[in-house]
Amino acid sequence: MNPSTSASAAKLGTRVRVPSRLVPALSLLVGVATWELIGRIWDVSFFPALSEVVAQLVELIRDGRILGNLSASLTNLASGFGISVVAGIVIGVAMGMIPIVNSALDVYVYALLTAPSLVFAPIFFSIFGLGRGSIVALIVVYAVFIIIINTADGVRSVPIELIEMAQTYNASRFQIARRVILPAAMPMIMAGLRIGVSRAVKGMINGEMFIAVVGLGRVVTEAGGRFDAASVLAVLLVIIAVAWAASAVVQIIDRRLTSWLPEVNRG
Amino acid sequence: MIEVKGLTKKFIDKNGTTVEAVADLDLTVQDNEFVTVLGPSGCGKTTLLRCIAGLTRWDQGEILIDGNPVRGPGLDRAMVFQSFALLPWATVLRNITFGLELRGADRETREDKAMELIGAVGLADFEHNLPGTLSGGMQQRVGLARALAVEPSVLLMDEPFGALDEQTRRLLQEELLRIWEARRITVVFITHSIEEAVILGDRVVVMTPRPGRIDDITNVPLGRPRANPAEYAAATRTVAELTATLWERLKQHQPDSRAGGTRS
């Protein structure tokens, strides 16, 4: 046997190796322990220990406040994000394919992407009133612009030879959009959706906190008003779970739609 | 029959100056003829092909296919690209049926046609592979099958084997000849390789550098079939002589050539 390979094998054997899929779990464990410790040692009223928060969460689930509001929130999220996906892709494809549409809309899209979306809350409130409509509209403002920009960029980066290839087979503009541009731009579109979905969750909570009639955001606002830190953090845990689940769903769809991409090209 | 009459195509380059890519070019290609086009880089040979394909508009002149003026891409022509231009998300089968699908052919017709061609181009058992899992030579077989699937009367090939290594290139040349000898369609084949131009073509067209014009058209005195090199083994000398003659001709147009002696 080659001495150098046996030496390096021995060296590798002495190292403690943690399987990489265990790292997130370990990291989470450290975070949980730290939260619990700090909460106990450092006795401030607005940072209760994790165990207190979890106890409060169980309490909130038991009296039904979480589930009822969670389903209201998820309905808002699904409507707002659904509208954002459809509108974002349609507008993005139009901007990517038609230069005049791009020149006309570009400035607005970038302005609205950078603008703090929450300033739209009072505007929607005055238009749609005290209800779902305002929250859904706010979610759209949070999520749609990044989807538009990514879609338009994805469309513009489609290799020209694929489009010309389709043209040589006499493809119509619509056929080219559907059969060449959309699938070719799909990795970029899905990247936009991944960012869009977490922005949509943010919009949902901000909207619900501001308008405070339905949803998890209302629970947060009410608990905050009572200085009930444990409830605020308990709902925060639920919101994080919602965000995580929503992006997991987008990621699963992404993997299915872009399974043709080589593994190294994944963002 | 392809008739190119007085074709002139101008570009505006980055500095805003007008460049003539092709100037007053005439070329006639007979039905079922295999014409290869040679020329220095940037001589407008690809422009010529793109004009025939209907992908590029031109400034003056006309192009007729069987007497009908070219106004854009058409069902009578299909193109094979140097970069293969395959859809990376679609299987070999779906790439090959792409043109037929756009024309609304039903699934059975499409797949029958595709399976026939998959056999003809040597892709059997790869029909469910994605292009990314295939070698360059295999990818270009897909490109060729896709073009043949729509049964064009004119096949336009833009340096189709230019991105392949020598051995793969030779293999594909032989397969192209075998397929063409069985189907006999009109082929316009752009290439950088003098030998390739001679082995494949009935006639070799040499173009001048910008602006592209026809410099010379040479008949290839080799019989058919030629798919198997043994079939023209006796004419090896002819191939070598013709290659040398064409090279002498092309060399005069090489911008960095001193050997030609015709340019200072």
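Residues numbered from 1 in each chain as written. Chains lettered and ligands numbered in written order. Predicted model: local features only at pLDDT ≥ 70, side-chain atom pairs only at ≥ 80, totals over all residues.

### Brief notes about the overall build of chain A
Selection criterion: The secondary structure listing takes helices from DSSP runs of H or I that are at least 4 residues long and strands from runs of E that are at least 2 residues long, numbered from the N terminus. C-alpha atoms define the radius of gyration, and 2.2 Å times the number of residues to the power 0.38 defines the globule rule. Exposure classes come from backbone-placed C-beta atoms, where a residue is buried if 20 or more other C-beta atoms lie within 10 Å of its own, exposed if 12 or fewer do, and partly exposed in between.
The helix and strand inventory of chain A stands at 11 helices and 0 strands. Taken from the N to the C terminus, the helices and strands of chain A come in the order α-α-α-α-α-α-α-α-α-α-α. Its C-alpha atoms give chain A a radius of gyration of 24 Å, clearly above 18 Å, the size a compact globule of 267 residues would have. With the C-alpha coordinates aligned to their principal axes, the bounding extent of chain A is approximately 80 × 70 × 30 Å. Buried residues in chain A amount to 36% of all 267 residues.

### Quick notes on the overall build of chain B
Heads up, the condition is: We call two residues in contact whenever the C-beta atoms placed from their backbones are within 7 Å.
Tallying secondary structure elements over chain B gives 8 helices and 10 strands in all. Taking 264 residues into account, the globule formula puts the C-alpha radius of gyration at 18 Å, and chain B, at 19 Å, falls close to it. Overall size of chain B, expressed as C-alpha extent along the three principal axes, is 60 × 45 × 35 Å. Looking at chain B as a whole, 40% of its 264 residues qualify as buried. Long-range contacts, defined here as pairs at least 24 residues apart, represent 69% of the contacts in chain B between residues at least 6 apart.

### Side note on the sheet that holds strand S5 (residues 68-69) of chain B
Residues and elements named next belong to chain B. This is how it is decided: A pair of strands is labelled paired if DSSP reports no fewer than 2 bridges between them.
Read from one edge of the open sheet, 4 strands run S2-S1-S4-S5, paired in antiparallel fashion. Each edge of the open sheet carries a strand with a single partner, namely strand S2 (18-29) and S5. Bridge count for strand S4 (residues 60-65) against S5 is 2 bridges, and the pairing is antiparallel. Bridge pairing in S5 links Ile65 to Asn68.

### Remarks on the confidence of the model for chain B
Parts of the prediction with low pLDDT should not have their coordinates interpreted in detail. Let me state the cut-off plainly: pLDDT is a per-residue confidence score from the predictor, ranging from 0 to 100.
Overall, the predicted model of chain B reaches an average pLDDT of 88, with 96% of residues at or above 70. Predicted confidence is poor over residues 259-264 of chain B, with pLDDT under 50, and the contacts of this stretch with residues over four places away or in other chains come to 6 contacts.

### Thoughts on unusual backbone geometry
All names here are of chain B. Residue Pro225 is bonded to the preceding Arg224 through a cis peptide linkage, with omega at -5°. Here Pro225 lies in the loop between strand S10 (214-219) and helix H8 (236-251). Phi at Asp66 takes a positive value of approximately 50°, unusual for a residue other than glycine. Along the chain, the position of Asp66 falls in the loop between S4 and S5. The backbone of Glu151 shows a phi angle near 50°, a positive value even though the residue is not glycine. With respect to the helices and strands, the residue Glu151 is situated in the loop between helix H5 (136-149) and strand S7 (154-158). The exposure class assigned to Glu151 is partly exposed, which follows from the 14 C-beta atoms found within 10 Å.

### Points about the pairing of S2 of chain B
Direction of pairing for strand S1 (residues 2-12) of chain B relative to S2 of chain B: antiparallel, over a ladder of 8 bridges. Across the sheet, Val4 of chain B pairs through a bridge with Leu27 of chain B, a residue of S2 of chain B.

### Structural notes on the sheet that holds strand S3 (residues 34-38) of chain B
Residue and element names in this part refer to chain B. Selection rule: A fitted line through C-alpha atoms represents every axis, and for helices the fit uses only the stretch in contact; the resulting angles, taken between N-to-C directions, go from 0 to 180 degrees.
With respect to topology, 6 strands assemble into an open sheet ordered S6-S7-S8-S3-S9-S10, the strand pairing being mixed. The open sheet terminates on both sides in strands that have one partner only, identified here as strand S6 (77-80) and S10. Neighbouring strand axes in the sheet, compared pairwise and without regard to direction, differ in orientation by 15° on average. Pairing of S3 with strand S9 (residues 203-207) involves 4 bridges; the strand directions are parallel. Its bridge partner lying in S9, Val37 is registered against Val205. Running at roughly 175° to S6, H5 makes contact with S6 and S7 of the sheet.

### A few points about the nonpolar core
Spelled out, the test is: Defined on buried residues, the nonpolar core groups Ala, Val, Leu, Ile, Met, Phe, Trp, Tyr and Cys residues joined through C-beta atoms within 7 Å.
Formed by 137 residues in total, the largest nonpolar core has its most connected members in Ile139 of chain A together with Ile52, Ala145 and Val188 of chain B. When neighbours within four sequence positions are excluded, Ala145 of chain B is seen to be in contact with Ile96, Leu117, Ile118, Val121 and Leu123 of chain B.

### A closer look at the packing of helix H4 (residues 65-97) of chain A against helix H7 (residues 132-156) of chain A
The axes of two packed helices give the description: the angle between them and the distance between them. Residue and element names in this part refer to chain A. Rules: By definition, turning the near helix anticlockwise from the far helix through less than a right angle yields a left-handed crossing, and turning it clockwise yields a right-handed one. Note on residue categories: nonpolar means Ala, Val, Leu, Ile, Met, Phe, Trp, Tyr, Cys or Pro, charged means Asp, Glu, Lys or Arg, and polar means any other residue, Gly included.
It is at 6 Å that the axes of H4 and H7 come closest, and there the two elements cross at 30°. Two packed elements cross with a definite hand, and for H4 against H7 that hand is right-handed. When grouped by side-chain class, the residues that make up the contact of H4 with H7 number 20 nonpolar, 8 polar and 2 charged.

### So, the interface of chain B and chain A
Interfaces are often sized by the amount of accessible area the parts lose when they come together. Between chain B and chain A, the residue contacts involve 19 residues of the former and 13 residues of the latter. Elements that contribute at least two residues to the side of chain B that touches chain A include exactly S6 and helix H3 (98-102) of chain B.

### Observations concerning the packing of helix H3 (residues 50-62) of chain A against helix H11 (residues 229-257) of chain A
Residues and elements named next belong to chain A. Formally: Roughly parallel means an angle under 35 degrees; roughly antiparallel means over 145; roughly perpendicular covers 65 to 115; every other angle is labelled oblique.
The N-to-C vectors of H3 and H11 enclose an angle of 75°; their axes lie 8 Å apart at closest approach. Classified by the angle their axes make, H3 and H11 are roughly perpendicular. Two secondary-structure elements touch here, H3 through Glu52, Val53, Gln56, Leu57 and Leu60 and H11 through Ala230, Ser231, Leu233, Ala234 and Leu237. Its residues assigned to classes, the contact of H3 with H11 comprises 7 nonpolar, 2 polar and 1 charged.

### Here's the deal with the pairing of S3 of chain B
All names here are of chain B. Of all 5 residues in S3, 5 are buried; the element is thus mostly enclosed. In S3, alternate side chains face the same way, and those of Phe34, Thr36 and Leu38 on one face and Val35 and Val37 on the other are all buried. The pairing of S3 with strand S8 (residues 186-190) spans 4 bridges and is parallel. Its bridge partner being in S8, Phe34 is matched across the sheet by Val187.

### Topic: H5 of chain B
Since one α-helical turn is 3.6 residues long, residues separated by three or four positions face the same way. Residue and element names in this part refer to chain B. Quick note on the threshold: By this rule, a helix spans an expected 1.5 Å times one less than how many residues it contains.
Between its first and last C-alpha atoms H5 spans 20 Å; for 14 residues at 1.5 Å apiece the expected length is 20 Å, and the two agree. By the criterion of burial, H5 is predominantly enclosed, with 12 of the 14 residues buried. Inspection of H5 places Met138, Gln139, Gln140, Arg141, Val142, Gly143, Leu144, Ala145, Arg146, Ala147, Leu148 and Ala149 among the buried residues, and these make up the whole buried set. Glu151, located one to two residues past H5, shows a positive phi value of around 50°.

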